[in-house]
Amino acid sequence: MSRSALSLPRRAACAALLALATATSALTSLPAAAEVKVGVSDWPGWVAWYIAEQKGYFKKHGADVKLVWFANYSDSIAALSSGQLDANSQTLSDTLGPLAKGLPLKAVLVNDNSAGNDALMVSPKIKSFADLKGKSIALEQYSVSHFVLATALSKNGLKPGDVKIVNLSAGDAAAAFLTGRVDAAVLWNPWIQQIQQSGKGRPLFTSKDMPGLVPDLLVAQEKSIQGKRRELVGMIKAWFETEKFIREQPDEAVKIMSKVVSMSPGDYKVFLPGTRFFDAAANKSAFDAKHPQSLVGVAPSIAAFLGEHKLIEGKPDMARGIDASLLADALK
């Protein structure tokens, strides 16, 4: 599974915004126009849309949906931001940049939260966060991995300056950790499981310890919400059937999802425990600004990280960047 492109690069939001010029080339291979054109990239909460397609949930709910696969996640953000997709599968962190620039986008659904698929892995000699002082930590700088580390340090009384960050791609970071060249690394599955199985490391902190802060969304253009509302509402209804299918028939769900990304079902199954797929109740909480883990509630923490590292300009207004009315219609 490729998550190096699923970032703040899953995850460099700034780089994604600057990639608008690449959207045209990315779209030259897209299929003919469909009723609702939706970008999808390699992450469990988004690959799951292919379950909705294959199980007929879109048709059942009157949604004429064309899923458009992007091998390069940042190209999908550029395509949505430039209006060449009706909606896209993207993170909250990668949505705040366009919102800060005033682009007419709205989050309409939360597919999932990372709930363990991202982790700070440490060597056996590190017993606590106090032991991390002065130690080297490999990660993709300014990515969600970087955000996970910043959150972990803050929650445990440390500052970024207390550790030595080594900027490496995820695969290189995992290799550096396994060979003992760094003391810790922030990674995602399947590297987490591989390191645990090797006996060379364990998770000291995971995305499960920061609920609500790593959400994956369906984000739509305002013009598409206005012109294709029925189809988008149908998509949301289809999602709830998809979530139920994954929960009740995980083996069958994994077979469908793993085939999309050319992995074996056995290898892909590792992603399910660390992905909290959002049902209707979880979405209602996520869109309720009074809830502390809602999109509006967690956005300031993410925006502060992005702003500190100059990955966005201005302050995004998350309240203006969501549209809960489609969810409400889907739940009627």
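Definitions and limits used
Residues numbered from 1 in each chain as written. Predicted model: local features only at pLDDT ≥ 70, side-chain atom pairs only at ≥ 80, totals over all residues. Heavy atoms only, no water. Helix = DSSP H or I, 4+ residues; strand = E, 2+ residues; numbered from the N terminus. Buried < 20%, exposed > 50% of the residue type's maximum accessible area, 1.4 Å probe, protein only. Areas by Shrake-Rupley, 256 points an atom, 1.4 Å probe, with all protein chains shown as cover. Pairing = 2+ DSSP bridges. Axes fitted to C-alpha atoms, helices over the stretch in contact; angles between N-to-C directions. pLDDT = per-residue confidence, 0-100. Contact = heavy atoms within 4.5 Å. Lys, Arg positive; Asp, Glu negative; His and termini not counted. Salt bridge = Lys/Arg side-chain N within 4 Å of Asp/Glu carboxyl O. Polar contact = N/O pair within 3.5 Å; in protein donor to acceptor, adjacent residues only side chain to side chain. Core = buried A, V, L, I, M, F, W, Y, C linked by side-chain atoms within 4.5 Å. Parallel < 35°, antiparallel > 145°, perpendicular 65-115°, else oblique. Nonpolar A, V, L, I, M, F, W, Y, C, P; charged D, E, K, R; others polar.

J.: For this particular structure, what's the right way to read the overall build of the protein chain?
T.: Scanning the protein chain from N- to C-terminus turns up 17 helices and eleven strands. Buried residues in the protein chain amount to 57% of all 332 residues. Of the roughly 13,300 Å² that the protein chain leaves accessible, carbon and sulfur atoms contribute 51%.

J.: Help me out: how do you make sense of the sheet that holds strand E8 (residues 184-188) in this one?
T.: For sheets, the rule is that strands pair by backbone hydrogen bonds, running either parallel or antiparallel. One open sheet holds the five strands; their spatial order is E7-E6-E8-E5-E9, and the pairing between them is mixed. Edge positions in the sheet fall to strand E7 (164-167) and strand E9 (202-206), since each of these pairs with one other strand and no more. Mean inter-strand twist for the sheet, computed between neighbouring axes without regard to direction, equals 30 degrees. Examined bridge by bridge, strand E6 (residues 136-139) and E8 share two bridges and lie parallel to one another. Bridge assignment links alanine 138 to a residue of E8, and that residue is alanine 185.

J.: What's the story with the confidence of the model for the protein chain in this structure? I'm lost.
T.: If pLDDT is low for a region, its predicted coordinates should not be looked at in detail. Here the protein chain shows a mean pLDDT of 90. Residues at 70 or above account for 90%. For residues 1-9, every residue scores under 50 in pLDDT, and the model assigns this stretch 47 contacts once sequence neighbours within four places are set aside.

J.: Help me understand the environment of alanine 138 in this model?
T.: Following the sequence through the fold, alanine 138 ends up in strand E6. The class for alanine 138 is buried, based on a relative accessible area of 0%. With residues up to four places along the chain from it excluded, the contact list for alanine 138 reads Val166, Leu168, Ala173, Val182, Ala184, Ala185 and Val186.

J.: What is the right way to look at the environment of leucine 272 in this model?
T.: Checked against the element boundaries, leucine 272 lands in the loop between helix H14 (265-268) and strand E11 (275-277). Through-space distance from the C-alpha of leucine 272 to that of arginine 247 is 9.6 Å; in sequence the pair is 25 residues apart. Apart from the residues lying within four places of it in its own chain, the contact partners of leucine 272 are Pro250, Val254 and Phe277.

J.: Is there a simple way to explain the side chain of aspartate 323 in this structure?
T.: In this structure, aspartate 323 sits in the loop between helix H16 (295-308) and helix H17 (325-330). With no salt bridge to any partner, buried aspartate 323 finds its closest opposite charge in arginine 229, at an N-O distance of 4.5 Å. Looking at aspartate 323, its side chain comes within polar contact range of the side chain of serine 325, at 2.5 Å. Beyond its immediate stretch of four places on either side in the chain, aspartate 323 contacts Lys106, Ala107, Val108, Ile225 and Phe287.

J.: Looking at this model, I keep getting lost on the nonpolar core. Mind explaining?
T.: Within soluble globular proteins, side chains that are nonpolar generally end up buried alongside one another. Trp49, Leu120, Leu132 and Met235 are the most contacted members of the largest nonpolar core, which has 97 residues in total. Among the elements that line this core, the one with the most residues is helix H12 (residues 229-248), at nine residues. Each residue touching leucine 120, except ones within four places of it in the same chain, is listed here: Phe129, Leu132, Ile137, Leu149, Ala184, Ala185, Val186, Arg202, Pro203, Leu204 and Phe205. In this structure, Ala119, Ala138, Ala170 and Trp191 belong to the second largest nonpolar core, which totals 15 residues.

J.: Sorry if this is basic, but what is going on with the packing of helix H8 (residues 144-155) against H16 here?
T.: Between two packed helices, what matters for the description is the angle formed by their axes and the separation of those axes. Taken N-terminus to C-terminus, the directions of H8 and H16 make an angle of 110 degrees; their axes are 11 Å apart at the nearest point. Between H8 and H16, the interaxial angle falls into the category roughly perpendicular. Here His146, Phe147 and Ala150 of H8 come into contact with H16, specifically with Ser301, Ile302 and Phe305. A per-class count over the contact of H8 with H16 returns four nonpolar, two polar and no charged.

J.: Just checking my understanding: could you explain the pattern of salt bridges for this structure?
T.: Between side chains of opposite charge, a pair can form when the charged atoms approach closely. Within this structure, the stated rule accounts for eleven salt bridges. Among the ionic pairs, lysine 60 bridges to glutamate 241, the shortest N-O distance being 2.8 Å. One end of the pair, lysine 60, is in helix H5 (residues 57-60); the other, glutamate 241, is in helix H12, with 181 residues separating them in the sequence. Overall, the relative accessible area of 56% leaves lysine 60 in the exposed class.

J.: So what exactly am I meant to see when it comes to the pairing of strand E5 (residues 118-122) here?
T.: In the case of a regular strand, side chains alternate between the two sheet surfaces. Among the five residues in E5, five count as buried, and that is most of the element. Because side chains alternate across E5, one face comprises the buried residues Asp118, Leu120 and Val122, and the other comprises Ala119 and Met121, equally buried. Pairing between E5 and E8: five bridges, direction antiparallel. Residue pairing in the sheet places alanine 119 in a bridge with leucine 187 of E8. Across four bridges, E5 lies against E9 in antiparallel orientation. Bridge pairing links alanine 119 to threonine 206 in E9.

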